[in-house]
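Each chain, letter by letter, is given below.
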Amino acid sequence: MKIKNYINGSFQEHDSSEWLDNYDPSIGEVYGQIPNSNQKDVEKAYAFAKAAFPSWSNTTLDHRSRILLKIADLIEANLDRLATAESRDNGKPLWLAKAVDIPRASANFRFFAQAITQFSSEAHETIGTNTMNFTLREPIGVVGCISPWNLPLYLFTWKVAPAIAAGNCVVAKPSEVTPATAYLLGEILTEVGLPAGVLNIVHGEGARVGQAIVAHPNIKAISFTGGTATGAHIARTAAPMFKKLSLELGGKNPNIIFADCDYGKMLKESIRSSFANQGQICLCGSRIYVERSIYKQFKTHFVDIVSKNKVGNPMDADTKFGALVSKSHLEKVLSYVEHARDNEGYTILYGGNQLKVTGSENGYYMQPTIIEVTDNKCRLNQEEIFGPVVTLMPFDTEEEVVSLANDVQYGLASTVWTKDIDKAMRVSKKLEAGIVWINTFLNRDLRTPFGGMKASGVGREGGLEALRFFTEPKNVCIKYN
Ligand code: TXE
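These notes cover the structure that comes with them. Here, residues in each chain are numbered from 1, in the same order as that chain's written sequence. Per-residue local features are limited, in this predicted model, to residues with pLDDT of at least 70; the limit for side-chain atom pairs, both in listing and counting, is 80 or more; totals at the level of whole chains, interfaces and linings are taken over all residues. Remark: hydrogens and water are excluded; side-chain values derive from all non-hydrogen atoms of the structure.

**Section: helix H14 (residues 421-430)**
Right, so step 1: Turning to H14, its buried residues number three or more, namely Lys423, Ala424, Val427 and Ser428. For H14, the angular spread of buried residues about the axis comes to 130°, placing them on one side. More than 90 degrees from the buried face of H14, the exposed residues found are Asp422 and Lys429.
Right, so step 2: Throughout, a residue-residue contact means that at least one pair of heavy atoms, one from each residue, lies within 4.5 Å. Counting from the N terminus, the helices are DSSP H or I runs at least four residues long and the strands are E runs at least two residues long. Of the surrounding elements, those touching the buried residues of H14 are helix H13 (398-406), strand E20 (413-417) and strand E21 (435-438).
Right, so step 3: Polar contacts, as used here, are pairs of N or O atoms within 3.5 Å; protein pairs need one atom able to donate a hydrogen and one able to accept it. Residues neighboring in sequence count only if both atoms are side-chain atoms. Two or three places before Asp422, at the start of H14, stands the capping residue Asp420, its side-chain oxygen 2.9 Å from that residue's backbone nitrogen. Three exposure classes are used, based on accessible area relative to the maximum for each residue type with a 1.4 Å probe and protein chains only: buried under 20%, partly exposed in between, and exposed over 50%. Think of the arc as the fan of directions from the helix axis to the C-beta atoms.

As structure tokens, then:
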């Protein structure tokens, strides 16, 4: 698969002759090429986006809505093709790409196609002074969207859909690790007749192409999802340019299990919250805290179930966990297991080893791993591992577990298992997290604000939050007689 940039409504050669290898992580081999675009490609995309802005920003909401609905329909119609491409690019099981990634990419367009027709603003009458105020919420202009490799099309569309729905034109860059589905989206954009220049997709390395988008003087807002360190770098670049910033960064999320929980439901969901997408979701519950009275029981059951889940080739229907996204990421995750092996305070209860999958010996596979820890300040409880590795720790009181949960630099998501609604409310209000799931996980209503606090980022995506991010409010004040 030789990928091309999608600029001004068609696939175009990039400026340099440099290409990047695209790996299939399930077999550890190169299967495609990616343009290693440069600043000139970004400038070209920007110029066409700027040229398209006046007309696109003046289309009716109904017109935009209809186009976004068509994109949603065509993503659905191309489910198998897109899911296969996603699974091959990322290493996730095909069934997961079919059940989650691609349907959610379609849902993102469908949601914002509808949301934009309901996006309203406010008026404020200054009574007794013949003064009327109203607030315009106008599109910003050309905006930048940069997305990561863990949920490629799902997170790419989560940004570009509200951006164009709000009337902006976009220069977007998917991760160079998983560019395939953003590339295939270009065909759909052409087929639905999205006007040329409204959405431009430029491929290449973050430090080169991503940086060029962030540093571009006339790209006025940046919506980014990725690592905390990268987010900090982007903020340093963009802040002096006074750009609007939406930063969805890393997480180190607590999964808090009280003894009074629905045990069966908790156990089932905790497998998913621990290891879904090979643990490569910023929302995964990678720190498991269990009330002491059920700790031993949970430990036994959890290890038993996890050990029965098959790690295999992503294309196999019975594969529960696929390959990690890249060799370097696999090595990063395994380095945390090595740290646990080499240091006090860690007990590996299950897993920790790289796996050779028959027929895919060079793929990037490892066992789902469960490690008991004794010190909440240890590296495995403080650092985002972003792989199939969870830690386990008992607790005795509600106050203690809230303190443990909050004692990290991140504040993205959290799960709490209890049947006691008063306790659920008390704990929810004390947790330093942008999302608290009670007796559920990754349960998403797209109208809700999505994002985190502390080192998990700035701003929120989703619903009206996204449409407000991608518009500039303007107060118009009229004095009349
Ligand atoms: O993110 P990166 P990656 C976390 C997780 C993971 C780490 C790295 O800890 O290990 O981030 O993952 C582009 N200017 N999450 O490699 O490197 C890059 O090309 C502009 C959590 O995906 O931050 C890619 O398109 N752009 C996260 C995007 O940024 C730059 C999900 C993300 O790359 C850039 C994924 C630069 N200087 C990873 N450098 C979540 N919260 O969902 C890189 N990029």
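**Brief notes about the packing of helix H7 (residues 206-215) against helix H8 (residues 228-238)**
Right, so step 1: A fitted line through C-alpha atoms represents every axis, and for helices the fit uses only the stretch in contact; the resulting angles, taken between N-to-C directions, go from 0 to 180 degrees. Two elements in contact, H7 and H8, have axes whose closest approach is 9 Å; the angle formed by their N-to-C orientations is 35°. Judged by the twist between their axes, the crossing of H7 over H8 is right-handed. Of H8, the residues touching H7 (which contributes Gln211, Val214 and Ala215) are His233, Ile234, Thr237 and Ala238.
Right, so step 2: The residue classification treats Ala, Val, Leu, Ile, Met, Phe, Trp, Tyr, Cys and Pro as nonpolar and Asp, Glu, Lys and Arg as charged. All others, Gly included, are polar. Here the contact of H7 with H8 is built from residues that sort into four nonpolar, three polar and no charged. The hand of a helix crossing depends on one turn: near helix anticlockwise from the far one by less than a right angle means left-handed, and clockwise means right-handed.

**Here we look at the layout of surface pockets**
Right, so step 1: Points on a 1 Å grid, built from protein atoms alone, make a cavity when a 1.4 Å probe fits but cannot get out and make a pocket when they are open with protein on both sides within 12 Å along at least 5 of 7 lines; residues with an atom within 4 Å of a point are the lining residues. Grid points are joined across faces, edges and corners, and a volume is the space filled by probe spheres set on the points. Its volume calculated, the largest pocket comes out at about 730 Å³.
Right, so step 2: Looking at the largest pocket, it is lined by 33 residues, and the ones nearest its centre are Trp149, Phe224, Gly226, Gly227 and Thr230.
Right, so step 3: Among the elements of the structure, H7, strand E10 (221-225), H8 and helix H11 (327-342) are those that each provide at least two residues to the lining of the largest pocket.
Right, so step 4: Of the residues contributing to the lining of the largest pocket, the split by class is 14 nonpolar, 14 polar and five charged.
Right, so step 5: Two domains share the lining of the largest pocket, each providing at least three of its residues, namely domain 1 (5-249 + 456-479) and domain 2 (254-445). Domain boundaries shown here were taken from an automatic or database domain assignment.

**What about the site of the ligand?**
Right, so step 1: In the vicinity of the ligand, 27 residues are found, and the nearest of them are Ser147, Trp149, Glu176, Leu249 and Glu384.
Right, so step 2: A distance of 2.6 Å separates an oxygen atom of the ligand from a polar atom in the side chain of Glu176.
Right, so step 3: In the environment of the ligand, an oxygen atom lies 2.8 Å from a nitrogen or oxygen atom belonging to the backbone of Gly227.
Right, so step 4: Surface exposure here means Shrake-Rupley accessible area, sampled with a 1.4 Å probe, where a residue is shielded only by the protein chains that are shown. Bound to the protein, the ligand loses 87% of the 810 Å² it would expose on its own.
Right, so step 5: More than half of the atoms of the ligand fall within 2 Å of the grid points belonging to the largest pocket. Throughout this document, a residue counts as near a molecule or strand when at least one of its heavy atoms sits within 4 Å of that molecule or strand. Each molecule is checked against the cavity or pocket grid, and it sits inside if more than half of its atoms lie within 2 Å of the grid points.

**Some remarks on the packing of aromatic side chains**
Right, so step 1: In this analysis, rings of Phe, Tyr and Trp, with Trp reduced to its six-membered ring, are considered paired at centre separations within 6.5 Å, and the interplanar angle assigns stacked below 30 degrees, edge-to-face beyond 60, and tilted for intermediate values. As enumerated under the stated definition, the model contains 12 aromatic pairs in all.
Right, so step 2: Ring plane angle 50° and centroid distance 4.9 Å describe the contact between Phe11 and Tyr183, whose orientation is recorded as tilted. Of this pair, Phe11 sits in strand E2 (residues 10-12) while Tyr183 sits in helix H6 (residues 180-192); the two residues are 172 residues apart in sequence, bridging distant segments of the chain.
Right, so step 3: For Tyr183, a relative accessible area of 14% gives the class buried.
Right, so step 4: When the NZ atom of lysine or the CZ atom of arginine is within 6 Å of a ring's centre and also within 35 degrees of its normal, the charge is said to sit over that ring. Over the ring of Trp19 we find Lys2; its NZ or CZ atom is 4.2 Å from the centre of that ring.

Just geometry here; none of it tells us what the structure is for.
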